[in-house]
Structures are given as C-alpha cells and as structure tokens.
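# Coordinate inspection notes
So the chains spell out like this:
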Amino acid sequence: MSKPVVLIAEELSPATIDALGPEFEVRHCDGANRGELLAALAAGVDAVLIRSATKMDAEAIAASKGLKVIARAGVGLDNVDVPAATAAGVMVVNAPTSNIVSAAELAIGLLIASARFISPAHAALRNGKWARSKYTGVELYEKTLGIVGLGRIGQLVASRMQAFGMDVIAYDPYLPEARANHLGVKLVDLDNLLRTSDFITVHLPKTKETAGLIGTDALTKVKPSVRIVNAARGGVVDEEALHVALKEGRIGGAGLDVYSTEPCTDSPLFEFDSVVATPHLGASTDEAQERAGIAVAVSVRKALAGELVPDAVNVKGGVIHKDLRPALPLAETLGQLISGLAVGAISDIEVEVCGELAELDCDILATSAIKGLLMHAVGDGVSYVNAPLLAKERGLTASVSKNAVSELHRNVITLTATATSGERITVSGTLIGLKRITKLISINDLSIDVEPTNHMLFVSYADRPGVVGAVGALLGNAGINIAGMQVARVRPGGDALMILTVDEPIAQDVVDDLASSVQARSAHYVALV
C-alpha cells in the first residue's frame, strides 16, 4: 500500500518531520507561490501543513485531490477558509498553545521598548549620535496595565507584569470574575480600562465584533501618556485612528507586531520615534516553531488514522475532557457492533450516558457512535470531521441523553439504533479498571460480560441442549479457532444469545451454514477495526 502523502508548504522545524514518522510520504512546495501550491494539491495529498503565508481558501481546497487535513502550525486561521474546508469534509487543525509564551514575551518586549524608546535610541547610537537626553522614558513600576482580552496569552502577560509591580486590570466579557480574582486581576468595562490605564496591551482575535475595537472613539478616552501594544491580530487596533492620535499628541506611543495588511513595510506609523514595530514576530522563536510543528504533526497522524483530534477547529465538541476521552473508542465500538448486528440501514441512533460521565459535555459521543456505525459502509474514509456530514447524507440522526445514576457500573454507555425495517437494537458497554478496558455488558437486554475483539460471532437461538457443541464443531470443521465464548439467556429454554470471539474472519457461507444447522434466529459475524 502507498503511504499517505503530507505536503509541507512552508518551512517548518526538523522536529515536525520526525514527529510525522516514516509512515508518510513527505513532499514540499512553496505555499506562497499560488501556481506551485495548486499544482501540488492537485497531484493528490492527504494533508497539507502550512504557517501564515499559504492561503488555503475555497479555490485551493476545491483544487485538492484527496485532501483530508489542513494543519496550521500556529494559532491564527486567517489564511484558511474553515467553512469551505468543513463543507468539503476536510479537517482543520492548529496549534493553539504552541506560541502563547513567545507571543506574551514579545508583547512585554514591545511594552518595555515603547516605554524606554529602545528602538530609536538604538538607531541613533548606530548612526553615531549619543542622544541620551532625547529619549527619557517612563517606569512600569506602580503603573496601571490594561489588558484587553484576558485569555491564555493575556493571563501570561498579567502574571509577568505583576512581577514588575504593575497594577493589572482587564476587559474580558467572557471571563468569570472568580477566575480574574484568582489571577489577581480586576475586571472592568472597556471605557474604565481606557480611562485609567497607563499601558494597554491587546490580546483578542480579530472578529466582526473586535475589528477596530481600539479606534477613533476609544482613543479619545485614553490618557495622553498611554502606550498601546498590539501583538495579537492586525485590525483590532485601527491603524489610521492610531496614526491620527499619535500625530495630535493624544497618546504617548505604541508597540506593534501585527497590521491590517501584511506584509507591511511602509506605514505612516513608522515615522514616529514613539512607535516600536516588528514584522509579526509573535510566534517567531525556535521553541514556538518546534512546538507548533510537533503539535500539528501529531494531529495529522491522529486525523489520518481516523482518531479524534482535540485541536481540530471544525469538529463539534472542541477540546474533550480527559475523563471523557476513553469513552470515545467505546462508543465507536458500540456503533460498529450495531452496524454488524442490524438488518438493513440504520435511520436513528440514541446514545445514553449513565454515571459520572453524565456530568460532562457528552455530545461528541454521538459523533463517535456515528463514526463506528459508518465504518463498514464508508471504510477508512470516515473521520470525526466528516462523520456528521456522511450521516446527514444518509438521513441518519443521532442524539445524546444523560443520567447521573448507574447502578452496576461507574459509567455505562448504551446505544439504541432503529433500522429502516423498524428493528431496534440496543448495545451497552462500560470501561473497567485503571486501564479502562472495554467490556460489553448487554445486548437487547441480555446481560453479558465480554471484552470485544477483532472477530466476533453473535448467534441468537432458542435455548436447548447441543447448540453450543454443534456451533463449536461447525467452526472447527471450517478451521476457525474459538478464543472465547459466552451464552446469555432470559430463562432456561427461552431466548438465548451466544457470543464467540474467534481468531480469524468467518466467511459468510460458514455463517449461513451455521445458522441453518442450529436453526438460529440470526447469526452475525462482526469484524471490529
């Protein structure tokens, strides 16, 4: 079999290639060269790894042959058309925590450089001028720092600047006040922050709501000595309004790493000694680049293996709670069993979560169940990103319900499927012990205790003597070795279910002969992958 193809469209750290491993064919192209990128994508690739210079827009996605994953080795996704990728069934992943330390440190560097005129003083000295008296700055000690957006980077900036003796306030309408209090930060509204801050640093994504947030109106409310830092996203600070405020002397200075249009090499803001500017260096450290490359390489491996990718941005469920993650393969296994046991297509699947897991957001388990259910129909082409789309195409619906009570086990997941024929099938499973071993505990209300394996046979019949021996003999004659067996029944002489785990696949003609010989109500061989 040919190896999956990974296209690296921009320079990434050598550790990225190492993290991918030898299981992939790695190709390279210059993603900034549009023609070269489109040709490389059209040649057929499973995944493309990019940074900020490669635009994976609707055209590039449409031109791609076999593309399953777009991996951005960084945080921002301005250069990726996420809706177009989702519509095409392409997973989009990024590395959301790879550069947070680097970005926080650069923001702090810009803040200090702005306060002490480091950039123009350095330039003057290199030009032979000892301009000591010209560049008198201000201290950070006992000044008020206003942080606009107290997310992961904003919180790192807060903790570091508190060590400088700064009083830190923040505007973040989505952060609980208790969390801010824990960080030693006072939450205020934006107007209050603008009026009282000596320094302002912005740490927000660019959205419809945040574009131009620090604009003409905001800059009329600040202190004339304020210094504003933007190392987050270009456009959150209105550069034209900032230029006017600087020209009129209504603010003291600025530190900029990002711009509305990039690359930016000719801005009127660069005329001011009070502005220190860098060319989008927030993530440009060896450590951040290595972390980002390794993170997306791991995500690509998971995605192409059909596993859940926590850093996928277009998969419902987002970051999965660590206690819930072991339940995902369980739900997937139950979905595969449902698919193997059902006669006809499944139209509806219900996922019930009982026990401690019911306290968590369990919606992702519906996707896991669908993925398992469709694996035999779609093959290895089903993933967490396209499973909902494939289900919708087939008219398959899924829902999740929760119950905090689980009488016999710590947690139980039950799948109930309705086939187009009207048949209903119910399968329950749990996770046992510290190793979270998967166990099947009931099928159609018959209690069992079976660890699922790759090859399983389910035989439903009327309980009577001789059936177990007959099944064993039939499989033996077919060269099928039985690894384990269990019989569940309602009562002696009533409905019974025999479950066998075997060492190799069972041909359908063997299953049919077995069903006929023992007068089984049904017999199903299920291969779990």
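Okay, so let's go over this structure.

Calculation criteria
Per-chain numbering applies: the sequence of each chain, read as written, is numbered from 1 onward. Only residues with pLDDT of 70 or above have their local features reported here, since the model is predicted, and side-chain atom pairs are shown and tallied only from 80 upward, although totals for entire chains, interfaces and linings are computed over all residues. Hydrogens and waters are ignored; side-chain quantities use all the structure's heavy atoms. Helix numbers and strand numbers start at the N terminus; a helix is a DSSP run of H or I with at least 4 residues, a strand a run of E with at least 2. The quantity called the radius of gyration is restricted to C-alpha atoms. Its globule counterpart is 2.2 Å times the number of residues to the power 0.38. Between two residues, a contact is recorded if the distance between any of their heavy atoms is within 4.5 Å. Only the protein chains shown count as covering a residue, and every accessible area follows the Shrake-Rupley method with a 1.4 Å probe. This count recognises Lys and Arg as positive and Asp and Glu as negative, with His and chain-terminal groups excluded. Here the site of a charge means atom NZ of a Lys, CZ of an Arg, CG of an Asp or CD of a Glu. Only Phe, Tyr and Trp rings take part, Trp by its six-membered ring, and two of them pair if their centres are within 6.5 Å. Stacked means planes under 30 degrees apart, edge-to-face means over 60, and tilted covers everything else. Three labels apply to residues, based on accessible area from a 1.4 Å probe with only protein chains included: buried if under 20% of the type maximum, exposed if over 50%, partly exposed otherwise in between. A pair of strands is considered paired only if DSSP assigns at least 2 bridges between the two. Here the axes come from fitting lines to C-alpha atoms, over the contacting stretch only for helices, and the angles between their N-to-C directions go from 0 to 180 degrees. Only one rule defines a salt bridge in this text: a Lys or Arg side-chain nitrogen within 4 Å of an Asp or Glu carboxyl oxygen. Definition of nonpolar core: a set of buried residues of the types Ala, Val, Leu, Ile, Met, Phe, Trp, Tyr and Cys, connected through side-chain atoms within 4.5 Å.

## Concerning the overall build of the chain
A tally of helices and strands in the chain yields 16 helices and 22 strands. Against the 2.2 N^0.38 benchmark of 24 Å for 529 residues, the chain shows a C-alpha radius of gyration of 30 Å, more extended than a compact globule. In terms of overall dimensions, the chain has a C-alpha envelope of 105 × 50 × 35 Å along the principal axes. Sequence-distant contacts, at least 24 apart, represent 62% of the contacts inside the chain between residues at least 6 apart. Carbon and sulfur atoms provide 52% of the accessible area of the chain, an area that totals close to 25,000 Å². On the chain, the mean spot of the 46 positive side-chain charges and the mean spot of the 60 negative ones are 4 Å from each other.

## Some details on the packing of aromatic side chains
As enumerated under the stated definition, the model contains two aromatic pairs in all. Centroid distance Phe117 to Tyr135: 6.0 Å. Interplanar angle 40°. Geometry classified as tilted. With Phe117 in the loop between α5 (100–116) and α6 (118–126) and Tyr135 in the loop between α6 and β6 (144–148), the pair connects residues that are 18 residues apart, well separated along the chain. Residue class for Phe117 comes out buried when judged on its relative accessible area of 14%.

## Comments concerning the pairing of strand β10 (residues 227–230)
Residues of β10 alternate between two faces, with Arg227 and Val229 on one and Ile228 and Asn230 on the opposite face, all of them buried. As judged from the four bridges shared by strand β9 (residues 199–202) and β10, these two strands associate in the parallel manner. Looking at β10, one finds that Ile200 is bridged to Ile228. For β10 and strand β11 (residues 253–256), the ladder comprises four bridges, and the chain directions are parallel. Across the sheet, residue Ile228 finds its bridge partner in β11, namely Ala254.

## Description of the sheet that holds strand β4 (residues 69–72)
Ordered in space as β2-β1-β3-β4-β5, the five strands form an open sheet in which the pairing is parallel. In this open sheet, the two edge strands, each paired with only one partner strand, are β2 (25–28) and β5 (91–94). On average, each strand axis in the sheet is inclined to that of its neighbour by 20°, with strand direction left out of account. Pairing of strand β3 (residues 47–50) with β4, which is carried by four bridges, proceeds in the parallel orientation. For Ile50, the partnering residue across the bridge sits in β4 and is Arg72. Taken strand by strand, helix α11 (residues 286–304) contacts β1 (5–8), β3, β4 and β5, and its axis lies near 165° from that of β4.

## Considerations on the pattern of salt bridges
In the structure shown here, the tally under the stated rule is 17 salt bridges. In this structure, Glu350 and Arg424 form a salt bridge, with 3.8 Å as the shortest nitrogen-oxygen distance. Here Arg424 lies in strand β16 (residues 424–432) and Glu350 lies in strand β13 (residues 346–355), a separation of 74 residues in the sequence. The class for Glu350 is partly exposed, based on a relative accessible area of 33%. Through salt bridges that share partners, Arg34, Asp57 and Glu59 make up one connected network.

## Observations concerning the nonpolar core
Soluble globular proteins tend to pack their nonpolar side chains together in the buried interior. Counting residues in hydrophobic clusters, the biggest one holds 50 residues, and the most contacted among them are Leu337, Leu365 and Phe458. Of all the elements, helix α12 (residues 327–341) adds the most residues to this core, at eight residues. Those residues within four positions of Leu365 in sequence are excluded, and the remaining contacts are Leu324, Ala327, Leu328, Ala331, Val351, Val353 and Ile413.

## Some thoughts on the pairing of strand β21 (residues 495–502)
The buried count for β21 comes to seven of eight residues, which makes it a mostly enclosed element. Summarising the sheet, strand β19 (residues 455–462) and β21 pair through seven bridges and their orientation is antiparallel. Across the sheet, Leu457 pairs through a bridge with Leu500, a residue of β21. Looking at chain direction, strand β20 (residues 482–489) and β21 are connected through seven bridges and run antiparallel. Opposite Met485, over in β21, you have Leu500 as the bridge partner. As consecutive antiparallel partners, β20 and β21 are separated by five residues, and within that stretch Gly493 has a phi angle of approximately 85°, a positive value.

## Some details on the environment of Gly212
If you trace the backbone, Gly212 turns up in the loop between β9 and β10. As a C-alpha pair, Gly212 and Ile8 span 204 residues in sequence and 34 Å in three-dimensional space.

Coordinates in, geometry out; function isn't part of it.
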